[in-house]
Amino acid sequence: MTTTTLAAPQVEVDAIDPKLFRQLLGCFPTGVAVVTTNNADGSPAGLTCNSFSSVSLEPPLVLFSLRKASSLLPTFVESGTFAINILSQSQDALSGRFASSKIADKFEGVAWRKGPLGTPLVDDCLASFECSVHARHEAGDHVIFIGEVKHMSPGCSDHALVFYKGAYMMLAESLRKLVIDGKLGTADIDEAYRALYGTLLRLACDRATDAEIDAIEAAVDGIEQSQELHALPQRIDAMASFFSSIAQAGHNEALRLMAQTMTTVLRERMTHVIPAHPRPDVFPLRRKVVKCLRARDADGAAGALDELISTLRKGSGAPLPA
Ligand SMILES: Cc1cc2nc3c(=O)[nH]c(=O)nc-3n(C[C@H](O)[C@H](O)[C@H](O)COP(=O)(O)O)c2cc1C
């Protein structure tokens, strides 16, 4: 089979917003690799890459794609060989180093050796694949390098470094561990909820669009509709969506990221620590939050949230939602 470039379909299509495109691509978690090769003088060169993918088992083929604008494109083209070094979760600094255009010698201070094929292999990776270039395809602003694996070596048995939504996943993982090990106390979590979502609600009163308030209300509907005991996963989703739509409506990217962290805490607590039982007694309080948002009443919205948290904690003897 030969390479085919298909003609674009003759239908009306959306203009693809590059920022949103990047953001949505980030929903697909990937591993992270340092792809290396040799300069003409034999010195090592490399970059951080998450476009690595397996292609074929027989013959053994893998690929990565390289930005056409990369200073390393001529080096990869001329060398004809490359190595994929799969990073472990403790190699995040290495990932940052090989992604920086400001560091002239990326290998300075990095432990590495030459593999049987002569390509630079980074020490302490999870696995390394040495390849000869099997094919190269131009695709938009990238060049896809397909490599035939000539040698491979297993490495350490640590977890992989995972890139997800523009960040390494370790933060989420370590948070999860803190929650599951009971090291994040309820009082601290409640205080964080009051501070963070109180601020977000105040901002949302100024900045939220009507559609964003509709989304918060839809999440409240979702919570109320998932009250059967067995509907815990739906209840967790609806609860997470209530808080994340408040975060969205606050229009502050840094606070939204913090809120994303709190959503991880919420999910883990509801899943592993507190089997969140239905609490119809707090239904009116979430409705009050929405009502105050619609009225652009910042004190009212933050107050209703405080009341919601206090009521949940006082509870009726039943375990509390996170
Ligand atoms: C997690 C992560 C994944 C990346 N994946 C790729 C990739 O697949 N292809 C690519 O060309 N650049 C990728 N980059 C960017 C390059 O690492 C970066 O542009 C390059 O190494 C900068 O160095 P240079 O200026 O010396 O080329 C990635 C960066 C990060 C942080």
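Higher on the page you've got the structure.
Residues numbered from 1 in each chain as written. Predicted model: local features only at pLDDT ≥ 70, side-chain atom pairs only at ≥ 80, totals over all residues.

### Let's talk about the environment of Met 258
- With respect to the helices, strands and loops of the structure, Met 258 is situated in helix H8 (residues 253–273).
- By the C-beta count within 10 Å, which is 16 here, Met 258 ends up partly exposed.
- For Met 258 and Leu 196, which are 62 residues apart along the polypeptide, the C-alpha to C-alpha distance reads 8.1 Å. (Helix = DSSP H or I, 4+ residues; strand = E, 2+ residues; numbered from the N terminus. Buried ≥ 20, exposed ≤ 12 C-beta atoms within 10 Å, placed from the backbone.)

### Remarks on the sheet that holds strand E1 (residues 30–31)
- In spatial order, the strands read E1-E11-E12; together these three strands make up an open sheet with antiparallel pairing. Each end of this open sheet is capped by a strand with a single partner; those strands are E1 and strand E12 (167–168).
- Where E1 lies against strand E11 (residues 162–164), two bridges are found, and the strand directions are antiparallel. Among the inter-strand pairings, Thr 30 is bridged to a residue of E11, identified as Phe 163. (Pairing = 2+ DSSP bridges.)

### Concerning the site of the ligand
- Taken together, 18 residues lie around the ligand, and Leu 47, Ser 51, Arg 67, Ala 99 and Ser 101 are the ones closest in.
- Broken down by element, the shell around the ligand gets its largest block of residues, four residues, from strand E5 (residues 61–67).
- Looking at the shell around the ligand residue by residue, the classes come out as nine nonpolar, eight polar and one charged. (Near = placed C-beta within 6 Å. Nonpolar A, V, L, I, M, F, W, Y, C, P; charged D, E, K, R; others polar.)

### Things to note about the nonpolar core
- If you look at the biggest cluster of nonpolar residues, it comprises 37 residues, and the most contacted ones within it are Leu 201, Phe 243, Ile 246 and Leu 293.
- Put simply, the parts of the chain that give this core at least two residues each are helix H5 (186–207), helix H6 (210–225), helix H7 (232–249), H8, helix H9 (283–294) and helix H10 (298–314).
- No other element matches the nine residues that H7 contributes to this core.
- Once you skip the residues sitting within four places of it in the chain, Ile 246 turns out to touch Tyr 197, Leu 200, Leu 201, Ala 204 and Ile 216.
- Grouped together as the second largest cluster of nonpolar side chains are 27 residues, Leu 47, Phe 64, Ala 83 and Phe 129 included. (Core = buried A, V, L, I, M, F, W, Y, C linked by C-beta atoms within 7 Å. Contact = placed C-beta atoms within 7 Å.)

### Things to note about the pairing of strand E6 (residues 81–86)
- Bridging between strand E2 (residues 33–38) and E6 involves four bridges; their strand directions are antiparallel. Directly across from Val 34, in E6, lies its bridge partner Asn 85.

### A few points about the sheet that holds E6
- Taken in spatial order, the seven strands make up an open sheet running E3-E2-E6-E9-E10-E5-E4, and their pairing is antiparallel. A strand with exactly one partner marks an edge of an open sheet, and here the two such strands are strand E3 (44–49) and strand E4 (53–56). The sheet shows a mean angle of 35° between the axes of neighbouring strands, taken without regard to direction.
- Pairing analysis gives three bridges linking E4 to E5, with the strands arranged antiparallel. By the bridge assignment, Ser 56 is partnered in E5 with Leu 61. (Axes fitted to C-alpha atoms, helices over the stretch in contact; angles between N-to-C directions.)

### Considerations on unusual backbone geometry
- Geometrically, the link from Glu 58 to Pro 59 is a cis peptide bond, its omega value of 0° lying close to zero.
- With respect to the secondary-structure elements, Pro 59 resides in the loop between E4 and E5.
- Here the phi dihedral of His 251 falls at roughly 50°; this positive angle occurs in a residue that is not glycine.
- Assignment of secondary structure puts His 251 in the loop between H7 and H8.
- A count of 16 C-beta atoms within 10 Å places His 251 in the partly exposed class.
- The phi angle at Arg 296 is positive, at roughly 55°, despite the residue not being glycine.
- One can find Arg 296 in the loop between H9 and H10.
- Accessibility expressed as a C-beta count within 10 Å gives 13 for Arg 296, which makes it partly exposed.

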